[in-house]
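Chain residues, written in single-letter form:
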Amino acid sequence: MPRVSQDHLDARRRQILDGARSCFARHGYEGATVRRLEEATGLSRGAIFHHFRDKESLFLALAEDDVLRMTEVVAEQGLVQVMRDLLSTPAGSGGETLNPADWLGTRLEVSRRLRTDPEFRARWAERSEQLTIATRERLLRQREAGNLRDDVDVDVLTGFLELVLEGLVSHLAMGLPADDMDPVLDLVEETVRRHRRTH
């Protein structure tokens, strides 16, 4: 029997995650039945659950995938860029840029399950910590470079940025207009930036 290449396995896993993301965004966790997951991914339940133990594992992998992508953006450009990406329209469907609507759907489902499912909350805590660490490390690098205000503790600035992200997610979840948010994010960036006095 021929061995399946790692590239093929990775591509299949990506296909499942991409299809599942839109399915969870559209129907929520409970509504994303196995039948709907099959339709969204174009694969059989056997193929889906060959890669993921169960629906819970698939959802966690999806949320973890989102955190990983966000962490990469934070490391390079900061948490405000994650927020700007969330407001922007996706560039193509190559998988590099998250579709904001699908990402938001997953994020809201994560928030709902954090409130109602203690086991999920425990499993999720490890994953969300990655984003906090990346944000904090980025801020520390910015402080060392002299670009970050030094009158506020980095942990406070980290908490501030995370709170703004959660507020933006809630704003979008309520269907409120987002086309006027860029100046708000400019203000958020300005708030954490170091201001050099001119004499």
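Residues numbered from 1 in each chain as written. Predicted model: local features only at pLDDT ≥ 70, side-chain atom pairs only at ≥ 80, totals over all residues. Heavy atoms only, no water.

Another point: the overall build of the protein chain. Counting its regular elements, the protein chain contains nine helices and zero strands. Overall, the protein chain shows an N-to-C arrangement of helices and strands of α-α-α-α-α-α-α-α-α. Looking at the protein chain residue by residue over its 199 residues, the buried ones come to 38%. Restricting the contact set of the protein chain to residue pairs at least 6 apart, pairs at least 24 apart contribute 69%. Summed over its atoms, the accessible surface of the protein chain is roughly 11600 Å², and 51% of this surface lies on carbon and sulfur atoms. (Helix = DSSP H or I, 4+ residues; strand = E, 2+ residues; numbered from the N terminus. Buried < 20%, exposed > 50% of the residue type's maximum accessible area, 1.4 Å probe, protein only. Contact = heavy atoms within 4.5 Å. Areas by Shrake-Rupley, 256 points an atom, 1.4 Å probe, with all protein chains shown as cover.)

Counting 47 residues, the largest nonpolar core has Phe24, Leu37, Leu58, Leu79, Met83, Trp124 and Leu161 as its most contacted members. Broken down by secondary-structure element, the contributors of at least two residues to this core are helix 1 (6–31), helix 3 (45–51), helix 4 (55–77), helix 5 (79–87), helix 6 (100–116), helix 7 (118–144), helix 8 (154–173) and helix 9 (182–192). Here this core gets ten residues from one element, more than from any other, and that element is helix 4. Those residues in contact with Met83, other than ones at most four positions away along the chain, are Leu161, Val164, Leu165, Leu168 and Leu185. (Core = buried A, V, L, I, M, F, W, Y, C linked by side-chain atoms within 4.5 Å.)

Moving on: the packing of aromatic side chains. Scanning all chains against the criterion turns up five aromatic pairs. Arranged with centres 5.0 Å apart and planes meeting at 80°, the rings of Phe24 and Phe59 form a pair that is edge-to-face. Of this pair, Phe24 sits in helix 1 while Phe59 sits in helix 4; the two residues are 35 residues apart in sequence, bridging distant segments of the chain. The buried category is assigned to Phe59, whose relative accessible area is 0%. When the centroid spacing of 6.3 Å and the interplanar angle of 5° are considered together, the rings of Phe120 and Trp124 count as stacked. In this pair, Phe120 and Trp124 both sit in helix 7, four residues apart, roughly one turn of the helix. Of the residues examined, Trp124 reaches a relative accessible area of 8% and is grouped as buried. Among the aromatic residues, ring-to-ring pairing joins Phe24, Tyr29, Phe59, Phe120 and Trp124 into one connected group. Across the ring face of Tyr29, the terminal group of Lys55 is positioned such that the distance to the ring centre comes to 4.4 Å. Across the ring face of Phe120, the terminal group of Arg113 is positioned such that the distance to the ring centre comes to 4.5 Å. (Phe/Tyr/Trp six-rings, centres within 6.5 Å; stacked < 30°, edge-to-face > 60°. Lys NZ or Arg CZ within 6 Å of the ring centre and 35° of its normal.)

A word on the environment of Ser88. Tracing the chain through its elements places Ser88 in the loop between helix 5 and helix 6. Along the sequence, Ser88 and Asp179 sit 91 residues apart, while their C-alpha atoms lie 9.3 Å from each other.

Here we come to the confidence of the model for the protein chain. Note: predicted coordinates in regions of low pLDDT should not be interpreted at a detailed level. With 89% of its residues at a pLDDT of 70 or more, the protein chain has an overall mean of 85. Note that pLDDT drops below 50 for residues 90–96; the model gives that stretch seven contacts with residues more than four away or on any other chain. (pLDDT = per-residue confidence, 0-100.)

Before going further, it helps to examine the packing of helix 8 against helix 9. At a minimum axis separation of 11 Å, helix 8 and helix 9 run at an interaxial angle of 175°. It follows that helix 8 is roughly antiparallel to helix 9 by the angle criterion. Along the contact surface, helix 8 presents Leu157, Phe160, Leu161 and Val164, while helix 9 presents Val188, Thr191 and Val192. Of the residues that constitute the contact of helix 8 with helix 9, the class distribution is six nonpolar, one polar and no charged. (Axes fitted to C-alpha atoms, helices over the stretch in contact; angles between N-to-C directions. Parallel < 35°, antiparallel > 145°, perpendicular 65-115°, else oblique. Nonpolar A, V, L, I, M, F, W, Y, C, P; charged D, E, K, R; others polar.)

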